[in-house]
Structures are given as structure tokens and as C-alpha cells.
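# Structural overview for review
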Amino acid sequence: MKNKIIAGNWKMNKTRAEAAALIEELLPLVADTPNTVIICVPFTDLDTALSLTAGSNIRVGAQNCHWKESGAYTGEIAPSMLKEMGVEYVVIGHSERRTYFGETDATVLARTKAALAAGLRPIVCIGETLAERQSGRMEEVLTRQVQEGFKDVTPDELKNIVVAYEPVWAIGTGVTATDEQANDAIKFVRGVFADKFGGKAAEELYIQYGGSMNDANAAGLLSMSDVDGGLIGGASLVAKKFAAIVHAHE
Ligand code: PGA
């Protein structure tokens, strides 16, 4: 089995002072894990996160980037700006961005391609809503999100991508997918990647689960055959909880 990739998605939380306190507490708690540890922080915390984690095993990610290199795009951040700071990862296409900020499979693809071109590793989020699952459209939605959202991605590029399967109904709701629901959906997604990129590439691809993962349910979820890690929102804001998830399966 692969080591896990455990990523914290801080969303729009933590001032610089709060970020520094959380990272200082987290550093010794996760120093000895074989798993990959990533914190995806607000843009304003990137500098703090990069300097405090320098030389440690914690990698730093942003939560979005634009698809253009530079220009008149007020409020956006170019991938090269992140790369130049030392940022390694970037979350793309989170369901909150799809819901509140008009992200589509096409913009997800454009941002992913630009991030890859700049040398960043995208963590690309996909997942169905409750209505889609209940009306039996889960597989159709996940297939579309992979086929459209990864349309021009090359097999070589895929090696630098992490996928996060995050059922929208489980995000921030306290309702977690069961171990089996998470594993079955990720297996299905892996099959769609296999159709597009071949079996070996799909097997090597890291696919995380995200949605109310916490210190109590992480061990079960992460022990499933196809769950290669977690993307953690709420619980990543508390050092001890996030550290417990990091260590839940190693
Ligand atoms: P949550 O968020 O863990 O708070 O449900 C997960 C995510 O949105 O990545």
C-alpha cells in the first residue's frame, strides 16, 4: 500500500498570528510520520507557513490559482507567483469554489494546466451533491468531472496531480461517507481514470477522501484499499486533531 497524503484545507481561516501558533504546535506532532503532510492555507498565510515549515516534513499549498501568467485579473493570483514563493501544492476546483465562485470543469482544467505548467502540484477536487447521489446520478457526475476536468491533462502531468474525492454532502456537515461509500466511489473514479490514462497510471494516482474526516473516523477511512489520503477542512484547524489524522494510518 502507498503511504498516505494528508492535506489540511484551512479555507478562509487563521490570521498570520493564528497560523503561526497552529503551525508551531503541529510541527513536532507530525515530525515522525511516513505520510506526506500538506497544509493548504490562505494566501496571506503562505509566507508565514513557508518560513515556519522550512526544513520540516510539512509541505505548503495554496487554495486556488488563476490560469493566466499575469495581467488584468484583479483579485487573482498567478501560479508562478506561488511557485516563486516556494509553494508546492494548490487546491483546485473545491466544491465551495464551484458553488460560490462559478468554477466549472472548464475553469478547473484551465487552472490545473496552468498550475502544472508553473511546476505546482494540483490537488483537484471532485464530488457529487446529495441530490445527484439520491437521484442515481453520482457515477455520471463523477465521470463528467474527470472527463471534462482532466480533458487535456497528459499522462506525465497526471503524475503530479492529487485527486480529492469530496462528496459535497459530507463537507462541513459532520456527515461522513461510510468507509465503504468512500472506497466504492474512489474505486469508481479510479476506473474512470483507468479508461482515460490506463490502468497503471490510475493505480499510481493518489485519490484522497474529503468530507468531515476527523480524528475519530480517519483510521477506518484510511485503511480502505483505495483511499490514498485525506483532504481535511474543520479538523485541520486544531493541531492535535490534524496530527491524529496524520498518524491514523502509517
Ligand atoms: P471538512 O472539509 O473536513 O470540514 O468537511 C473538507 C474539505 O472541504 O476539504
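Just so it is clear, the structure is predicted and the values come from calculations on it, not from any experiment.

Our next topic: the side chain of His66. Position of His66 relative to the elements: it lies in the loop between strand 3 (58-62) and helix 3 (79-85). A distance of 3.5 Å separates a polar atom in the side chain of His66 from a polar atom in the side chain of Glu76. Apart from residues no more than four positions distant in its own chain, His66 is found in contact with Tyr73, Glu76, Ile77, Pro79, Arg111 and Ala114.

The side-chain alternation of strand 6 (residues 162-165) yields two buried faces, one formed by Val162 and Ala164 and the other by Val163 and Tyr165. Of the pairings in the sheet, the one linking strand 5 (residues 121-126) to strand 6 comprises four bridges and is parallel in character. Each residue of the ladder has a partner; that of Ile126, found in strand 6, is Tyr165. Of the strand pairs in this sheet, strand 6 and strand 7 (residues 206-210) are connected by four bridges, and their pairing is parallel. Bridge pairing links Ala164 to Gln208 in strand 7.

Near the ligand you find 13 residues, and of these Lys11, His94, Glu166, Gly172 and Ser212 are the closest. Here an oxygen atom of the ligand and a side-chain polar atom of Lys11 are 2.8 Å apart. Gly234 places a polar main-chain atom, nitrogen or oxygen, 2.9 Å from an oxygen atom of the ligand. For the shell around the ligand, the per-class residue count stands at four nonpolar, seven polar and two charged.

With that settled, the discussion passes to the packing of helix 7 (residues 138-149) against helix 9 (residues 179-197). Contact pair helix 7 / helix 9: the axes reach a minimum separation of 10 Å and the direction vectors enclose 45 degrees. Here helix 7 is positioned oblique relative to helix 9, judged by the angle of their axes. You can see that helix 7 and helix 9 cross each other, and the crossing is right-handed. When helix 7 is examined against helix 9, the residues Met138, Glu139, Leu142, Thr143 and Val146 are found in contact with a partner set consisting of Ala185, Phe188, Val189, Val192 and Phe193.

Cut-off values and rules
Residues numbered from 1 in each chain as written. Predicted model: local features only at pLDDT ≥ 70, side-chain atom pairs only at ≥ 80, totals over all residues. Heavy atoms only, no water. Helix = DSSP H or I, 4+ residues; strand = E, 2+ residues; numbered from the N terminus. Polar contact = N/O pair within 3.5 Å; in protein donor to acceptor, adjacent residues only side chain to side chain. Contact = heavy atoms within 4.5 Å. Buried < 20%, exposed > 50% of the residue type's maximum accessible area, 1.4 Å probe, protein only. Pairing = 2+ DSSP bridges. Near = heavy atom within 4 Å. Nonpolar A, V, L, I, M, F, W, Y, C, P; charged D, E, K, R; others polar. Axes fitted to C-alpha atoms, helices over the stretch in contact; angles between N-to-C directions. Parallel < 35°, antiparallel > 145°, perpendicular 65-115°, else oblique. Left-handed = near helix turned anticlockwise from the far one by under 90°.

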